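Each chain, letter by letter, is given below.
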Amino acid sequence: MPEVVPLPLDPKAVRLDATASSRDDAIRQCGEMLLSVGAIEAPYIDTMLERERSISTYVGEGVAIPHGTLAGKDVVHHDAICVLRFPDGVDWDGERVDVCVGIAAKGDGHVRLLSELAQILLDPDHARELREATETDAVLRLLQPTGEENT
């Protein structure tokens, strides 16, 4: 059984009552959250918006995973994720997004983070729990599985 490595989620990077006027506003808020926990420098936020213009980070089940382009790697201090829940939803190019999981990663760290997030979010029950979470502890439990569920 592969070792379960916790996702780099600081509890201060979880906001469950966010509101956004647009997709770009939601992405900026994710970037600001990553900035607030010291994971990135401000220019990374522009690369997150640039990524979205080239390919949607909407992954289904009401979830988007905004992250920067390769050009932003040099302004990432350490791997981190943030979780913003939008109870009223955000129009994401015609799809409704309720949760954004922002990613900042140095090197190839984003590949591992995306893979781990995909495993969690591909489970419709987990995705629903994340969309409906009202407490930070629930988000931490969902995104930092202990690996014991499958034993």
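First, a word on scope: everything that follows refers to the structure included in this document. Remember, predicted model here, so these are calculated numbers, not experimental data. (Residues numbered from 1 in each chain as written. Predicted model: local features only at pLDDT ≥ 70, side-chain atom pairs only at ≥ 80, totals over all residues. Heavy atoms only, no water.)

A few points about the overall build of the protein chain
In terms of regular secondary structure, the protein chain is built from five helices and five strands. Each helix (α) and strand (β) of the protein chain, taken in turn from the N terminus, gives the series β-α-α-β-β-β-β-α-α-α. Here the C-alpha atoms of the protein chain give a radius of gyration of 14 Å, agreeing with the 15 Å that 2.2 N^0.38 yields for 151 residues. On the principal axes, the C-alpha backbone points of the protein chain span a range of 40 × 35 × 25 Å. Relative to its full complement of 151 residues, the protein chain shows a buried share of 48%. (Helix = DSSP H or I, 4+ residues; strand = E, 2+ residues; numbered from the N terminus. Rg over C-alpha atoms; globule rule 2.2 N^0.38 Å. Buried < 20%, exposed > 50% of the residue type's maximum accessible area, 1.4 Å probe, protein only.)

So, unusual backbone geometry
In terms of backbone geometry, most residues other than glycine have negative phi values and most peptide bonds are trans. Here Glu61, not a glycine, exhibits a phi torsion of approximately 55 degrees, which is positive. Residue placement: Glu61 occurs in the loop between β2 (58–60) and β3 (63–64). Glu61 gets classed as partly exposed once you look at its relative accessible area, which sits at 38%.

Considering the packing of helix α1 (residues 23–36) against helix α2 (residues 43–54)
Across the interface, α1 lies against α2 with an axial gap of 9 Å and an inter-helix angle of 145 degrees. The way α1 lies across α2 gives a crossing that is right-handed. Of α2, the residues touching α1 (which contributes Arg23, Asp24, Ile27, Arg28, Cys30, Gly31, Glu32 and Leu34) are Tyr44, Ile45, Met48, Leu49 and Glu52. (Axes fitted to C-alpha atoms, helices over the stretch in contact; angles between N-to-C directions. Left-handed = near helix turned anticlockwise from the far one by under 90°. Contact = heavy atoms within 4.5 Å.)

Comments concerning the nonpolar core
Counting residues in hydrophobic clusters, the biggest one holds 50 residues, and the most contacted among them are Leu9, Val83, Leu130, Val139 and Leu143. With eight residues, strand β4 (residues 80–92) is the single largest residue contributor to this core. Once residues lying within four places of it in the same chain are set aside, the contact partners of Leu130 are Val83, Arg85, Val99, Val101, Leu121, Val139, Leu142 and Leu143. (Core = buried A, V, L, I, M, F, W, Y, C linked by side-chain atoms within 4.5 Å.)

Side note on the sheet that holds strand β5 (residues 95–104)
Sheet architecture is open: five strands sit in the order β1-β4-β5-β3-β2, paired in mixed fashion. Whereas interior strands pair on both sides, the edge strands pair on one side only; in this sheet they are β1 (9–15) and β2. As defined by bridge partners, β2 adjoins β3 across two bridges and the pair is classed as antiparallel. Its bridge partner being in β3, Gly60 is matched across the sheet by Val63. The strands touched by α1 are β1, β4 and β5; relative to β4, the strand with the most contacts, the crossing angle is about 160 degrees. (Pairing = 2+ DSSP bridges.)

A few points about the packing of helix α4 (residues 124–132) against helix α5 (residues 136–143)
Contact pair α4 / α5: the axes reach a minimum separation of 9 Å and the direction vectors enclose 155 degrees. When the axes of α4 and α5 are compared, the pair comes out roughly antiparallel. Judged by the twist between their axes, the crossing of α4 over α5 is left-handed. The segment α4 lies against α5, with His126, Glu129 and Leu130 engaging Val139, Arg141, Leu142 and Leu143. In terms of residue class, the contact of α4 with α5 is built from four nonpolar, one polar and two charged. (Parallel < 35°, antiparallel > 145°, perpendicular 65-115°, else oblique. Nonpolar A, V, L, I, M, F, W, Y, C, P; charged D, E, K, R; others polar.)

What to know about the pattern of salt bridges
Proximity of charged atoms lets side chains of opposite charge pair with each other. Considering all chains together, one arrives at nine salt bridges under this definition. In this structure, Arg131 engages Glu61 in a salt bridge whose closest nitrogen and oxygen atoms are separated by 3.4 Å. Of this pair, Arg131 sits in helix α4 while Glu61 sits in the loop between β2 and β3, and the two are 70 residues apart along the sequence. For Arg128, the salt bridge is made with Glu132, and the minimal N-O distance between the two is 3.6 Å. (Salt bridge = Lys/Arg side-chain N within 4 Å of Asp/Glu carboxyl O.)

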